[in-house]
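So you can see what is in the structure, the chains are spelled out below.
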Amino acid sequence: MSVRACALAAMVCLPAAAASQDVAAVGTRSFLLPPAPPLLSPDCRSKRMAGDLFRRPLRALRRAIRAGRAVKVLAIGSSSTAGVGASSPSATYVAKLEMTLEGTFKGLDFEVIGRGRSGEEAQGAADRMKREVDETMPDVVVWQVGTNDALQHVGIDRFKRCLKTTLGWLKKQRIDVLLVDPQYGNALTRDEHYERVVAAIAEVAREERVLLVDRFEAMRELHRQRGDRFYLDEDDLHMNDTGHRCMAEQLARSIVGGLLAADAETVQPVFHP
């Protein structure tokens, strides 16, 4: 991975000592924190990097890593999280994310636990969130949300209330959260409600100060360059292997950026009015 002077892609710059030589102990071992979020592979890059405009510190992740224990990531959502469209279990974004994180934090163990249900709306995931959290005890929750709410025309106010209530509960549990908005597809956006749901997720993420991985915008830019078939399956809805891989890279980049932001707070505390 190339070393960049700014650890947060021009969003949050770390002090030089923290960015380049920060050593964390893990049991009797030690490792260097990555100096910057990992770069996306060339075919997954877009002008607007998913996650870079919604950076938030991931403090629970930092606590887990500094405590020297394995990190648990709960991925909850609908068909993308269930792996629909991927050619094999190892090609899903859940599997790719675990592999990418362990490659970035060499010597650390990550367990990414997939709990996806095809066709599920946000309320369905919210209803089972407590049980899934109790079973997995995650440090980080990746909530892929909104696609089915958009397709089923769930009311925007109801959708936002569901997100805010669930995010509030997760905050009380001191669990970090990444929201992942719907996939982009040319046919999908012919329905104006689809983009209204995408906008609602961004609004809630800003209000609740939650990290958002803007999959929709990243895929829209890739669509302009390469077309839907580059990352979507033949049904024009579910991601193919490339879509899953790019999503995993976007998530890994956001997770590392959130960790570095949390670590920077210990050197230069950030005041939020």
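Presented here is an overview of the structure given in this document.

Reading guide: rules and limits
Residues numbered from 1 in each chain as written. Predicted model: local features only at pLDDT ≥ 70, side-chain atom pairs only at ≥ 80, totals over all residues. Heavy atoms only, no water. Salt bridge = Lys/Arg side-chain N within 4 Å of Asp/Glu carboxyl O. Helix = DSSP H or I, 4+ residues; strand = E, 2+ residues; numbered from the N terminus. Disulfide = S-S within 2.5 Å. Expected span 1.5 Å × (residues − 1). Buried < 20%, exposed > 50% of the residue type's maximum accessible area, 1.4 Å probe, protein only. Pairing = 2+ DSSP bridges. Axes fitted to C-alpha atoms, helices over the stretch in contact; angles between N-to-C directions. Core = buried A, V, L, I, M, F, W, Y, C linked by side-chain atoms within 4.5 Å. Contact = heavy atoms within 4.5 Å.

**Considering the pattern of salt bridges**
Part 1 of the reasoning: Enumeration according to the criterion identifies 17 salt bridges in this entry.
Part 2 of the reasoning: For arginine 128, the salt bridge is made with glutamate 132, and the minimal N-O distance between the two is 2.9 Å. One end of the pair is arginine 128 and the other is glutamate 132, both in helix 5 (residues 122-136) and four residues apart, which spans about a single turn.
Part 3 of the reasoning: Taken together, the shared-partner salt bridges connect Arg115, Glu120, Arg128, Arg131 and Glu132 into one network.

**So, the state of the cysteines**
Part 1 of the reasoning: All chains considered together, the criterion is met by one disulfide.
Part 2 of the reasoning: Linked covalently through their sulfurs, cysteine 44 and cysteine 246 form a disulfide whose S-S length is 2.0 Å. A torsion of -80° about the S-S bond marks the disulfide between cysteine 44 and cysteine 246 as left-handed. Here cysteine 246 lies in helix 10 (residues 241-265) and cysteine 44 lies in the loop between strand 2 (29-32) and helix 2 (59-66), a separation of 202 residues in the sequence.

**What to know about helix 9 (residues 215-226)**
Part 1 of the reasoning: The terminal C-alpha atoms of helix 9 lie 16 Å apart, and with 12 residues this matches the ideal 16 Å at 1.5 Å per residue to within 8%.
Part 2 of the reasoning: With nine of 12 residues buried, helix 9 is to be regarded as a mostly interior element.
Part 3 of the reasoning: With its phi angle positive at about 90°, glycine 227 sits one or two positions after the end of helix 9.

**Thoughts on the sheet that holds strand 5 (residues 140-144)**
Part 1 of the reasoning: Reading across from one edge, 4-3-5-6-7 is the order of the five strands in this open sheet, with parallel pairing throughout. Edge positions in the sheet fall to strand 4 (110-116) and strand 7 (211-213), since each of these pairs with one other strand and no more. Each neighbouring strand pair of the sheet contributes to a mean axis angle of 20°, computed without reference to strand direction.

**Quick notes on the nonpolar core**
Part 1 of the reasoning: In this structure, Leu61, Trp143, Phe159, Leu178, Leu179 and Leu251 are the most contacted members of the largest nonpolar core, which totals 70 residues.
Part 2 of the reasoning: Those residues in contact with leucine 251, other than ones at most four positions away along the chain, are Tyr93, Leu97, Val142, Leu178, Val180 and Val213.

That's the geometry; what it means functionally is another story.
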